[in-house]
Amino acid sequence: MTPPCGARRQSCSSPAGAGGPVPARRSSATRPSPRRGWRSWAGDGPEPGGSGGAVSDSWDPVRYSRFKSERAAPFFDLLGLVRAVPNGSVADLGCGTGELTVAAHEHLGARRTLGVDSSAAMLDGAADQTTAGVTFANGDIAMFASAEPLDVVISNAALHWVEDHPAVLGRWTAALGQAGQLAVQVPANADHPAHVLARELAEEEPFRSALGGDPPLDPVLRVMRPEEYATILDGLGFAEQHVRLQVYGHRLASTSEVVEWVRGTSLTRFASRLPDELFGEYVDRYSSRLVDGSWPRRASEPRRAGRAAAVGGCAMLDPVTVVDEVSDLLQHLIRNACVNDGAPESGQEVRSTDLLASYLEGTGLDLERYEALPGRGNLVARIEGSDPTAPSLLLMGHADVVPVNAARWRRDPFGGELVDGEIWGRGAIDMLNETSGMAVAFKTLAAEGWRPRGTLIYLAVADEEALGTFGAEWMLREHPDAVRADYVLTESGGFEMPLPSRSGPKFPMMVGEKGTHWVKLRVRGTAGHGSMPFRSDNAVVKAADVVRRIAQFEPGTDISDTWRRFVTRADLPDDIARLLLDPGSLRSFVRDSDDIGVARMAHAATHTTFAPTIAHGGTKTNVIPDTVELTLDIRTLPGQTAQDIDQMLQQAIGDLADQVDVEAQSTDEATSSPVDTPMWDSMQRVTAGLRPGSTNVPFTTVGATDARFFRRAGSVAYGAGLFSDRISFADFASMFHGDDERIDQESLRLGVEFFEAVARDFLA
Ligand SMILES: [Zn+2]
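### Brief notes about the coordination of the zinc ion
In this structure, His 398 (NE2), Asp 430 (OD), Glu 491 (OE) and Glu 491 (OE) serve as the protein donors to the zinc ion, at separations of 1.8 to 2.5 Å. Taken together, the 4 donor atoms surrounding the zinc ion define angles of 54 to 147° at the centre, an arrangement classified as irregular. Spacing between the donor residues of the zinc ion along their common chain follows H-x31-D-x60-E. Here the residue Asp 430 occupies a position in the loop between strand S12 (422-424) and helix H14 (432-447), and Glu 491 occupies one in the loop between strand S14 (487-490) and strand S15 (506-513), the gap between them amounting to 61 residues. Among the residues examined, Glu 491 registers a relative accessible area of 5% and is labelled buried.

Here it is in structure tokens:
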């Protein structure tokens, strides 16, 4: 970015811009005027300068030159605004290594050109530029004066290094003859993350102390708005001016390139004030923060306005859409790999709740962080409603994910790769997609200053993938005031079911969920020597039989009210509806259906399920094992108790039951919420708006979610969301806790819009 200005024609820019110059000066009678709108930097010492200021030799010409072509673009745009001055005289203030000084000299047809820079290191490089008529001098550009009137004063990316722009522009103007031209270009990227982060770090220890408690000013903060430069130039008597803001979007290959760029410019102010070792530490922390933690970070400008992607020097705006934003956030969450294997010290969700906090910062919201155990982070953000009696809404996502078997994945499960419009990684479906989508929706609302009638709360929790012990359950018990809400939306509804409906797409929204009953089975045998297995009492062999019996066990088919309501509202052809409502034909359907996703879902929705998931047994290759431990993941239907499940298990294991000890690990009964609520109606309106002609249908999710804690606490809780049709239902269903988990970007967009629109519709 850059702006600036000129004489006879002139221009300014602001985010990234080139500025240019101005035409003919008016009579010298016109005296400068108004310094209105000035920002005063009095009190901040002079800045080291690439071109301008006093401290120079933190400048490294080699590093600066790395992005030569990117840096040159604004210069040539600026030059394009200056009229040629055959045989004229030119000064290039802040000339750096001088290549562009020579280019200006030639372009303008000048007789002689003087390049001035405060950096001796830069000027050493300029010594190679030996074109006739071009000379270089070491000096302070802020105090530049000329013995004879010049035709052109040009300054590219240097003015921001000096203080008091009105005074400096006045001096430069005084060096011009009557028809002289002033052309200036400055960056306008003070609010870009690369700059914001640099300033924030300088306030952290040990840097702050090393800087004497007085970090050097970020020079781009001196850059004024284009209109202010126009006012100054007008006051200086320029008859013509071109003040403009030009955006230069540079796509660098990686974040480390961004760091390199900034090291060559903006960070030089720390290089000159910090000892080498400490500056190295500063750059390291800067890089890692830019790569993960504090990125993406954006001020509260409206979405789609474009995000300042990185750097200084000149611009770096690349357009950002909601898709980019939610994708970026999701990728970072995936890479945090908050894997919850059930151990209290696993998960370490604080990495992701910190990331989300940093993402939501700057919206003026209070963010509250809670940890049940070190590292088990939970984050709450809220937009307070204006009417305490209006119903409140909580959007809840979990930050943890389940473990992976990386060998079975086609891509890095924690790489967060974007491939052909899909983001890959553990959590892409369950449920970092929604955790990030809700955050983007929430931030959008907060950033625009939206004030709902009812309170909106965003909650990111730990430990959903185990038992919620350190997440939702703990929050509701220990900090109920922070999270209690009348309505709760969480995973995982809104994936179009491939049903032969007579009336448009059908999206299930989860109004209830099955219960969990986790048990450990200890299969007993008798130890012996592995060399004599005949007629031995081998616990592994017996466990194999137990597992097979459980896998083949067929519990009764349950046609519940929720199932019946789902089938009815799905508006299916009569024969299919009849089939799905009859226990016998439903069993045949799930056994024979080609659509494995639908078959599994329909089966789970109407049956108690038993999944053997862990087996441990044996101690040594030559020892017949006497014990095998099996873990079962059992999902229960509404109304079923632990006793009911035990009876089914005995029935499944049959005559081996007396050799198997059953130990309940945890039990959590099924929960459900009513369907006919104002929230249900809101969700229906929003879905129909985003996917025209569609209808929501109530469904019971077959997995457990944190919604159960909120239902028990009195909230109406739904599993909600909205997905595109890019990923098949079968793939979708198999990716939960499965391999090759991924999400398409259109679904990410729909998710953000769904949560944002529901909040507006329901709370406004
Ligand atoms: Zn989940």
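### Observations concerning the sheet that holds strand S2 (residues 112-117)
Pairing in this open sheet of 5 strands is parallel, and the strands run S3-S2-S1-S4-S5 from one edge to the other. With partners counted over all chains shown, the strands left at the sheet margins are strand S3 (134-138) and strand S5 (176-185), one partner each. Averaged over all pairs of adjacent strands, the angle between their axes in this sheet comes to 15°, without regard to strand direction. In the packing of helix H5 (residues 165-174) onto the sheet, the strands contacted are strand S1 (89-93), strand S4 (150-156) and S5, and the crossing angle to S5 comes to about 140°.

### Considering the pattern of salt bridges
Pairs can form between side chains of opposite charge whenever their charged atoms are close. Taken as a whole and assessed by the stated rule, the structure comprises 46 salt bridges. Where Glu 281 meets Arg 285, a salt bridge forms, and the shortest distance between an N and an O atom there is 4.0 Å. A residue pair is termed a helical-turn pair when its members lie 3 or 4 positions apart in one helix, as Glu 281 and Arg 285 do in helix H11 (residues 276-291) at 4 residues. Across the pair Arg 760 and Glu 756 runs a salt bridge, and its minimum N-O distance is 2.8 Å. Here the residue Arg 760 and the residue Glu 756 both occupy positions in helix H26 (residues 745-763), the gap between them amounting to 4 residues, near one helical turn. Under the relative-accessibility criterion, Glu 756 is labelled buried at 12%.

Parameters at a glance
- In this convention, every chain numbers its residues from 1, walking through the sequence in written order.
- Restriction of local features to residues with pLDDT of at least 70 applies here, the model being predicted, together with a cutoff of 80 or more for giving and counting side-chain atom pairs; totals for whole chains, interfaces and linings are based on all residues.
- As a convention, hydrogens and water are excluded, and side-chain values are obtained from all of the structure's heavy atoms.
- Sodium, potassium and calcium take a 3.2 Å donor cutoff, other metals 2.8 Å, and in both cases only N, O and S atoms count; water is not among them, so sites may look incomplete.
- A site with four donors is called tetrahedral when every donor-metal-donor angle falls between 85 and 135 degrees; four donors are called square planar, and six octahedral, when opposite donors sit more than 155 degrees apart and all other angles fall between 65 and 115; any other arrangement is irregular.
- Going along the chain from the N terminus, every DSSP run of H or I of four or more residues is numbered as a helix, and every run of E of two or more is numbered as a strand.
- Any residue under 20% of the maximum accessible area for its type is buried, any over 50% is exposed, and the rest in between are partly exposed; the area is computed with a 1.4 Å probe on protein chains only.
- The pairing criterion for strands is at least two bridges between them, as found by DSSP.
- A fitted line through C-alpha atoms represents every axis, and for helices the fit uses only the stretch in contact; the resulting angles, taken between N-to-C directions, go from 0 to 180 degrees.
- Any two residues having at least one pair of non-hydrogen atoms within 4.5 Å are treated as being in contact.
- Criterion for a salt bridge: a side-chain nitrogen of Lys or Arg within 4 Å of a carboxyl oxygen of Asp or Glu.

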